[in-house]
Amino acid sequence: MASIISTIQSLRGSDIVAILLFIFVVRLIKNSRTRVHTTKLAGPPSENFFVGLFPAIAGLDEPLKAFERWAKQYGTVFSFPMGLGRQDVMIWDIKAANHILARDTFVYQQSSFSRVFLDNMFGRGILSVENDEHRRHRKALTPAFSNAAIRGYVNIFNDSAEKLKATWDTILDSGADTIEVQQWMNRLALENLGVAGFSHHFGALSNPDTTIKPEIMEVFESFESPQKSSLLSRAFFFLGPKFPALLKLPTQNTVKMRRVKYSMKEIADDLLEKTKKEMMMDSEEGDEKAGGGNKSIIGLLIKAESSSGSLTLTSEEVLAQNTLFFAGYETTSYTLTWALIELCRHPEVQEKLREEVNQLGGDPTWEQITLGLPYLDAVTQEVLRMHMPVDNISRETHQDDIIPLSKPIHTSDGSVVSELVVAKGQAIHIPIGFINNSEEIWGPDVKEFKPERWLNRDTSLTGEAKTIQGHHHIMTFSDGPRFCLGRHFALANFKTSLANLVRKYTFELPNGKDTVIERHLVMLLTRPKLAGENGPSVPLKVRRID
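Since we're looking at a predicted model, the values are computed, not measured.

### Comments concerning the overall build of the protein
When helices and strands are tallied, the protein shows 23 helices and twelve strands. Of all 546 residues assigned to the protein, the portion counted as buried reaches 55%. Taking the contacts inside the protein whose residues are at least 6 apart along the sequence as the reference set, 73% of them involve residues at least 24 apart.

### What about the pattern of salt bridges?
Overall, the coordinates contain 22 salt bridges when judged by the stated rule. Two residues, E367 and R151, come together in a salt bridge whose shortest N-O distance is 2.9 Å. Taken together, the residues span a long stretch of sequence, with E367 in helix 17 (residues 366-372) and R151 in helix 8 (residues 147-173) at a distance of 216 residues. Exposure remark for R151: the relative accessible area of 36% places this residue in the partly exposed category.

### A few points about the packing of helix 8 against helix 23 (residues 487-504)
Where helix 8 meets helix 23, the closest approach of the two axes is 9 Å, and the angle between their N-to-C directions is 35°. At the point where helix 8 passes helix 23, the crossing takes the right-handed sense. Residue-level inspection shows I150, Y153, V154, F157, N158, A161, E162, L164, K165 and W168 of helix 8 in contact with helix 23, the latter providing H488, F489, A492, N493, T496, N500, L501 and K504. The residue makeup of the contact of helix 8 with helix 23, split by class, is ten nonpolar, five polar and three charged.

### Things to note about the environment of H410
Relative to the elements of secondary structure, H410 occurs in strand 6 (residues 401-410). By relative accessible area, H410 is classed as exposed at 54%. H410 sits 335 residues away from G75 along the chain, and the two C-alpha atoms are 8.5 Å apart. Among all residues touching H410, those that are not within four sequence positions of it are S415 and V416.

### Considerations on the sheet that holds strand 3 (residues 108-110)
A sheet is described by the order of its strands in space; here five strands give the open sequence 1-2-8-5-3, paired in mixed fashion. Either end of the sheet is taken by a strand with one partner, and the two such strands are strand 1 (77-83) and strand 3. Across the sheet, the mean angle separating the axes of adjacent strands is 40° when strand polarity is ignored. Sheet strands in contact with helix 5 (residues 94-102) are strand 2 (86-91), strand 3, strand 5 (393-397) and strand 8 (427-430), and its direction is about 120° off that of strand 8.

### Things to note about the pairing of strand 1
Most of strand 1 is tucked away: seven of the seven residues are buried. Between strand 1 and strand 2, which pair antiparallel in sequence order, lie two residues; one of them, L84, sits at a positive phi of approximately 55°.

### Remarks on the sheet that holds strand 9 (residues 505-508)
In space, the three strands of this open sheet follow the order 4-12-9, with antiparallel pairing throughout. Two strands close off the open sheet at either side, each with one partner strand: strand 4 (178-180) and strand 9. The sheet shows a mean angle of 40° between the axes of neighbouring strands, taken without regard to direction.

### Observations regarding the confidence of the model for the protein
As a note on interpretation, predicted positions should not be read in detail where pLDDT is low. For the protein, mean pLDDT is 83; residues scoring 70 or higher make up 77% of the total. Under a pLDDT of 50 for its full length, residues 1-5 has, in the predicted model, three contacts with residues more than four places off or in other chains. Across residues 287-291, where pLDDT falls below 50, the model places nine contacts with residues more than four positions away in sequence or in other chains.

### Concerning the packing of helix 8 against helix 9 (residues 181-198)
Two numbers describe how helix 8 lies on helix 9: the axes approach to 10 Å, and their chain directions differ by 145°. As for the relative orientation of helix 8 and helix 9, their crossing is right-handed in sense. When helix 8 is examined against helix 9, the residues Y153, I156, F157, S160, A161, K163, L164, T167, W168 and I171 are found in contact with a partner set consisting of V181, W184, M185, L188, E191, N192, V195 and A196. Class assignment for the residues of the contact of helix 8 with helix 9 results in 13 nonpolar, three polar and two charged.

### With respect to the packing of aromatic side chains
Per the stated rule, a full pass over the model turns up 14 aromatic pairs. With centroids separated by 5.5 Å and ring planes inclined at 80°, the aromatic side chains of F157 and F489 adopt a geometry described as edge-to-face. Of the two residues, F157 is situated in helix 8 and F489 in helix 23; the sequence distance between them amounts to 332 residues. Exposure remark for F157: the relative accessible area of 0% places this residue in the buried category. Classification of F489 by relative accessible area gives buried; the value is 5%. A centroid spacing of 5.3 Å and a plane angle of 65° characterise the contact between W168 and Y505, whose relative ring orientation is edge-to-face.

What counts, and at which threshold
- Residues numbered from 1 in each chain as written.
- Predicted model: local features only at pLDDT ≥ 70, side-chain atom pairs only at ≥ 80, totals over all residues.
- Heavy atoms only, no water.
- Helix = DSSP H or I, 4+ residues; strand = E, 2+ residues; numbered from the N terminus.
- Buried < 20%, exposed > 50% of the residue type's maximum accessible area, 1.4 Å probe, protein only.
- Contact = heavy atoms within 4.5 Å.
- Salt bridge = Lys/Arg side-chain N within 4 Å of Asp/Glu carboxyl O.
- Axes fitted to C-alpha atoms, helices over the stretch in contact; angles between N-to-C directions.
- Left-handed = near helix turned anticlockwise from the far one by under 90°.
- Nonpolar A, V, L, I, M, F, W, Y, C, P; charged D, E, K, R; others polar.
- Pairing = 2+ DSSP bridges.
- pLDDT = per-residue confidence, 0-100.
- Phe/Tyr/Trp six-rings, centres within 6.5 Å; stacked < 30°, edge-to-face > 60°.

Quick look at the structure:
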């Protein structure tokens, strides 16, 4: 390993350029021999020969504003330069997006860049595998996300909310009137995922001293945005879409990603041994419900695997499902933070939501958060529409295809076509963040936080929005074979946590509605932050409701 690093570091800039140009020429020759060619499209010009416009969609600026500009100029389908002559295709045509996502894991698969990135951090889990392998993983995991399983998880979410209340009350009793809520939403999500996912208590909610944190939180927070990482890490990251193998080299951020894998492996290994012991004890006692004590996601998976008679996942694959942990941790903490911000911006929505959840008379149940709280559901939908943690889906075609379009488009030579030809190997992007926030799709009030649009979808949603086939007409959970397996778990976690927060506290922005919210980038994920704060900090005025 040391020799590899020293070899890489000894390369001069001219050596790297020569290697990249050689690979570029080889690929150019290879592509010229392909019999089927992707339809030639117009699109924004490249700003850099080596990385194209990749930084623009990697979150370095504000991708949504860039997409709005490109969409007005180039329409619903356009080419997108990614550097070294590579042209990707950007698609926000709803009919085309539905077609692609319906054929996910087979005709269309994760990009090599995404697959290597996920494998580095987690191993080969459900987020990175394809074809029959993906179907096998999904089938094995499905029982852990059944309604019966999630009904039990709601009790865990309520318990965590009570722990958070005890700690927040201690902070407020000390004389503080503001709380940095984002770090506490991180801790709440971590504790919920730890217990429900791994039967592991991180103790993230027990101490008001925020300098004391579980190791896994320190690992997550140690990630830096690409523009702040070392020169070598930054170069390899931006060249990653063209040369995914670069992400396997031991750069600063790659080493940190592997720390996540090893940190979670220790927890999962311990759970694996504990569950096996439970099953052996139950077997000796003749208990038909082997291992009945462990109801966590991974615990249920291990039991299902062991009782099936023929394992569908190996032990390594079971442990690799900690991808679900990261996905749940990031998405839940992100959306809860944005929910609190939007409730501060719209105090009338906050009060209306509080009135609804106060009618419960106690902790929310699975049945109530699923069917009995329509305004909570509407607020949830609107937060998920406007603030999705991942705003772009990237795929590569693994066989030639013809994609139908909602309406004709102009090609680069000015001709009009009503379908798009894509060649095998073509990279495609679906900007779901833009689709969820497009005025052309949602109407002139798309920028408004308006939960009421979801109370009567038949009359409030536009015809174009209704054609989106994702969860309740939003793209946040994707669609097709990769439709988020844990969406019901995520929704239960989010709704239970938010209901508990608003019935116990009121929230205000420090400078009222005019408080400026900015973006803070960590790796490929963005977090909200209040202007002037260092890092992803969101301090809010919090008042206890007696």
